[in-house]
Amino acid sequence: MSENKQFQLGTIGALSLSVVSSVSIVICNKALMSSLGFRFATTLTSWHLLVTFCSLHVALWMKLFEHKPFDPRTVVGFGILNGISIGLLNLSLGFNSVGFYQMTKLAIIPCTVFLETLFLSKKFSRSIQLSLCVLLLGVGIATVTDLQLNFLGSILSLLAVLTTCVAQIMTNTIQKKFKVSSTQLLYQSCPYQAMTLFISGPFLDKFLTQQNVFSFRYTPQVLVFIAMSCLISVSVNFSTFLVIGKTSPVTYQVLGHLKTCLVLAFGYILLHDPFNWRNILGIFVAMMGMVLYSYYCTREGQKKATEASVQLPTKEDESDPLIGMENGAGAINDVALPISPIGKADTDLRARDYNR
């Protein structure tokens, strides 16, 4: 099997794992928070990361991957930044309406495009930009309802978007620069993400929910759902780093909006959540945008591959498909992002999700 074919299969596997695990954890956490009243999202995310680190440590002990240390300052800074982005996303949800929070998540893609263009000199063709606009329009129609603004909430949302974008761009660039795998990067950064959220989580959750995580009544049913959520989070966190490393931050965000559409659909089918014509129209438009994005990225990737076979490329463009070829650049928080938090919006926790 050719190297290109193996990469395509690996990308398909990473994307599929990310979608399945993220939708699963959203459904699990929705039951935990909405039905059982456990609304401590930030603290729960810190438990997710602790379980992920322990699982990876066992995998390392079993020699399933190789530990590859690199610049400690980069690892510590990256881990803390991921933790901060998750906390800011949760605060953004707490200080803003659900509609404005969804707008915050939609802003991550154009912000990522802007930062990669400005600082990494990447190029996004007009076709890809158009497809992203169609996608964002569809998700906006499906999820954004009210847009109540306040100064503090707007500042928190701005900081959440910036930290999430930078963290996801760093996830890709670190893997490329230091030649580490997604597993190696996740293993080394997980303790710092977990520590940041483990310390700040109880205070943030008490501020947002007016409840104390330590005085909550942990029934056997609550403990079972917490354990399920933590186990699923291992797959969520791993697939987040894997997808970003194999594709790009923008592609990961596109995939995140696909998860949002699937969550809306599954919520209606399985949990009988309210569903109206706006949701249906929005999901349809968003899916068209995703198809266009994947098509244009794949076409441009094939064009570059053809050009590369004739002569060495002199400048690298951004054209990472949802399912396609890696182009030398690589996509939490929903924060693995980082992963995106689960709150009133019922989006997936970043552990990245980490989301974000």
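To be clear, the structure that these remarks concern was listed above.
Okay, so let's go over this structure. The shown structure was predicted, so the numbers you read here are calculated from the model rather than taken from an experiment.

**A word on the packing of aromatic side chains**
- Tallying each qualifying case throughout the model produces twelve aromatic pairs.
- A ring pair is formed by Phe216 and Tyr218, whose centres lie 5.4 Å apart and whose planes are at 75°; its orientation type is edge-to-face.
- The class of Phe216 is buried, set by a relative accessible area of 17%.
- Looking at Tyr218, the relative accessible area reads 30%, which means it is partly exposed.
- An aromatic cluster is present here, built from Phe38, Phe40, Trp47, Phe216 and Tyr218 joined pairwise through their rings.

**Structural notes on the pattern of salt bridges**
- Evaluation of the coordinates by the stated rule reveals one salt bridge.
- The shortest N-O distance in the salt bridge between Glu116 and Lys122 comes to 3.3 Å. For the pair Glu116 and Lys122, a shared accessibility class is recorded, and that class is buried.

**A look at a nonpolar patch on the surface**
- A contiguous nonpolar patch, built from Val58, Trp61, Met62 and Leu64 and spanning about 510 Å² of accessible area, is present on the exposed surface.
- Within the secondary structure, Leu64 is located in the loop between α2 (41–61) and α3 (72–95).

**Quick notes on the environment of Asn172**
- Along the polypeptide, Asn172 turns up in helix α7 (residues 151–178).
- By relative accessible area, Asn172 is classed as buried at 2%.
- It is 9.2 Å that separates the C-alpha atoms of Asn172 and Val243, two residues lying 71 residues apart in sequence.

**Remarks on unusual backbone geometry**
- The backbone of Ser121 shows a phi angle near 55°, a positive value even though the residue is not glycine.
- Structurally, Ser121 can be placed in the loop between α5 (108–119) and α6 (126–143).
- Not every positive phi belongs to a glycine, and Gln210 is a case in point at roughly 60°.
- By the secondary structure assignment, Gln210 is in the loop between α8 (182–209) and α9 (220–246).
- Overall, Gln210 belongs to the exposed group, its relative accessible area being 65%.

**Considering helix α4 (residues 98–106)**
- Burial of α4 is extensive: seven of the nine residues sit out of reach of the surface.
- Every buried residue of α4 is accounted for by Gly99, Phe100, Tyr101, Gln102, Thr104, Lys105 and Leu106.

**Details of the packing of α4 against α5**
- One can describe the packing of α4 onto α5 by two numbers: an axis separation of 4 Å at closest approach and a directional angle of 30°. One element, α4, and the other, α5, form an angle in the roughly parallel class. Between α4, through Thr104, Lys105 and Leu106, and α5, the contact on the second element is made entirely by Ile108, Ile109 and Pro110.
- Here the contact of α4 with α5 is composed, by residue class, of four nonpolar, one polar and one charged.

**Structural notes on the environment of Gln102**
- Considering the arrangement of structural elements, one finds Gln102 in helix α4.
- Since its relative accessible area comes to 5%, Gln102 is described here as buried.
- Along the sequence, Gln102 and Val139 sit 37 residues apart, while their C-alpha atoms lie 8.9 Å from each other.

**As for the state of the cysteines**
- Applying the stated criterion across every chain yields a total of zero disulfides.
- In this structure Cys54 is a free cysteine whose sulfur lies 9.2 Å from that of Cys190, the closest cysteine sulfur available.
- According to the relative accessible area criterion, Cys54 is partly exposed, its value standing at 48%.
- Just so you know, Cys230 is unpaired, no disulfide at all, and the nearest cysteine sulfur is the one on Cys28, 8.9 Å from it.
- The exposure class assigned to Cys230 is buried, which follows from its relative accessible area of 8%.

Procedures and definitions
Residues numbered from 1 in each chain as written. Predicted model: local features only at pLDDT ≥ 70, side-chain atom pairs only at ≥ 80, totals over all residues. Heavy atoms only, no water. Phe/Tyr/Trp six-rings, centres within 6.5 Å; stacked < 30°, edge-to-face > 60°. Buried < 20%, exposed > 50% of the residue type's maximum accessible area, 1.4 Å probe, protein only. Salt bridge = Lys/Arg side-chain N within 4 Å of Asp/Glu carboxyl O. Patch = residues over 30% accessible without salt bridge, like charges linked within 9 Å, V, L, I, M, F, W, Y side chains within 5 Å. Areas by Shrake-Rupley, 256 points an atom, 1.4 Å probe, with all protein chains shown as cover. Helix = DSSP H or I, 4+ residues; strand = E, 2+ residues; numbered from the N terminus. Axes fitted to C-alpha atoms, helices over the stretch in contact; angles between N-to-C directions. Parallel < 35°, antiparallel > 145°, perpendicular 65-115°, else oblique. Contact = heavy atoms within 4.5 Å. Nonpolar A, V, L, I, M, F, W, Y, C, P; charged D, E, K, R; others polar. Disulfide = S-S within 2.5 Å.

In short, geometric facts, not functional conclusions.
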